[in-house]
Amino acid sequence: MNINVYTESTPNPATMKFIVNKLLINGSLDFPTKESAETSPFAKELYKFSFVNGVFFASNFVTVTKFEGDNWEDLLPILKEFVKGAVESELVIKEEEHVEADFEGTDTEVKIQQILNDYVRPAVEQDGGAIAYKSFDAGVVTVELRGSCSGCPSSTVTLKAGIENLLKRMVPEVTEVVSEAL
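Residues numbered from 1 in each chain as written. Predicted model: local features only at pLDDT ≥ 70, side-chain atom pairs only at ≥ 80, totals over all residues. Heavy atoms only, no water.

Asks: What exactly am I supposed to notice about the sheet that holds strand E5 (residues 61–66) here?
Replies: The strands making up a sheet associate through hydrogen bonds between their backbones, and the pairing can be parallel or antiparallel. Spatially, 5 strands are ordered E1-E2-E5-E4-E3 in an open sheet, and the strand pairing comes out antiparallel. Since the sheet does not close on itself, it has two edges, and those belong to strand E1 (5–9) and strand E3 (28–31), each with one partner. Pairwise comparison of adjacent strand axes, ignoring direction, gives a mean angle of 20° for this sheet. Relative to E5, strand E4 (residues 52–58) is paired through 6 bridges, and the arrangement is antiparallel. Its bridge partner being in E5, Val-52 is matched across the sheet by Lys-66. Sheet contacts for helix H2 (residues 72–88): E1, strand E2 (15–20) and E5; angle to E2, the most-contacted strand, approximately 35°. (Pairing = 2+ DSSP bridges. Helix = DSSP H or I, 4+ residues; strand = E, 2+ residues; numbered from the N terminus. Axes fitted to C-alpha atoms, helices over the stretch in contact; angles between N-to-C directions. Contact = heavy atoms within 4.5 Å.)

Written out as structure tokens, the structure is:
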């Protein structure tokens, strides 16, 4: 199979999305630090580049976050070639088949998790990120934003104007949505 790699910018100017024509993993994996990448050969190799400050995988793409001051114009050709070579050499191994999401908690918590999974997750993944449900307590939903969403200047708008409004409309018990920092 001939591997094609193309890039898409994300709402986070420090993060670029590298999309390939092959399934990389089922689900998503976030490696926000060099130390966290020890379990992934692909992420570990990406962190060998001095400009890499974050790596996130989902389905058919990897997002790379760069350090401030580095220029995407200089980095894109290097990273595109690396991603193509890594995928061609099977550096990324598909995980086991993804099992249907198993939501736990009260009826309200399950409803919140279902909405996040069905409505929010696909939209956030389009921007090169991921969202994880953490908790629901006294009307407050706590989530964790990963990938390009972590540290993105527009993540507050996404969280408040998008996710919070949706959850308040669909689950009257929700009064606020907050993000837990990684």
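Asks: Help me understand helix H3 (residues 107–126), please; the structure alone is not making it clear to me.
Replies: Think of an α-helix as turning once every 3.6 residues; residues three or four places apart then point the same way. With 20 residues, H3 extends 28 Å from end C-alpha to end C-alpha; this agrees with the ideal 28 Å at 1.5 Å per step. Maximal helix bending in H3 amounts to about 45°, located at Val-120; proline Pro-122 follows within four positions. Within the sequence span of H3, burial applies to Thr-108, Glu-109, Ile-112, Gln-113, Ile-115, Leu-116, Asn-117, Val-120, Val-124 and Glu-125. Of the residues one or two after H3, Gly-128 is the one with positive phi, at around 85°. (Expected span 1.5 Å × (residues − 1). Bend = angle between axes of the 7 residues up to and from the residue. Buried < 20%, exposed > 50% of the residue type's maximum accessible area, 1.4 Å probe, protein only.)

Asks: Would you mind showing me how to read the nonpolar core here?
Replies: What tends to happen in soluble globular proteins is that the nonpolar side chains get buried as a cluster. Counting residues in hydrophobic clusters, the biggest one holds 27 residues, and the most contacted among them are Phe-18, Phe-42, Val-55, Phe-57, Val-62 and Val-83. Sorting the residues of this core by element identifies E2, helix H1 (41–46), E4, E5 and H2 as the ones contributing at least two each. Per-element accounting of this core gives the leading share, 8 residues, to H2. (Core = buried A, V, L, I, M, F, W, Y, C linked by side-chain atoms within 4.5 Å.)

Asks: What should I look at first to understand the sheet that holds strand E7 (residues 140–147) in this one?
Replies: The 3 strands lie next to each other as E6-E7-E8, forming an open sheet whose pairing is mixed. Two strands bound the open sheet, and with one partner strand each, they are strand E6 (129–137) and strand E8 (176–179). Going across the sheet, the axis of each strand differs from the next one's by a mean of 30°, ignoring polarity. Of the pairings in the sheet, the one linking E6 to E7 comprises 8 bridges and is antiparallel in character. Each bridged residue has a counterpart across the sheet, and for Gly-129 the counterpart in E7 is Gly-147. Of the strands in this sheet, E6 and E7 are in contact with H3, which crosses E6 at around 160°.

Asks: How should the confidence of the model for the protein chain be read in this particular structure?
Replies: It should be kept in mind that the predicted coordinates are not to be read in detail where pLDDT is low. Residues with a pLDDT of 70 or more make up 90% of the protein chain, whose mean pLDDT is 84. By mean pLDDT, helix H4 (residues 155–170) is the weakest element of the protein chain at 81, and H2 is the strongest at 94. (pLDDT = per-residue confidence, 0-100.)

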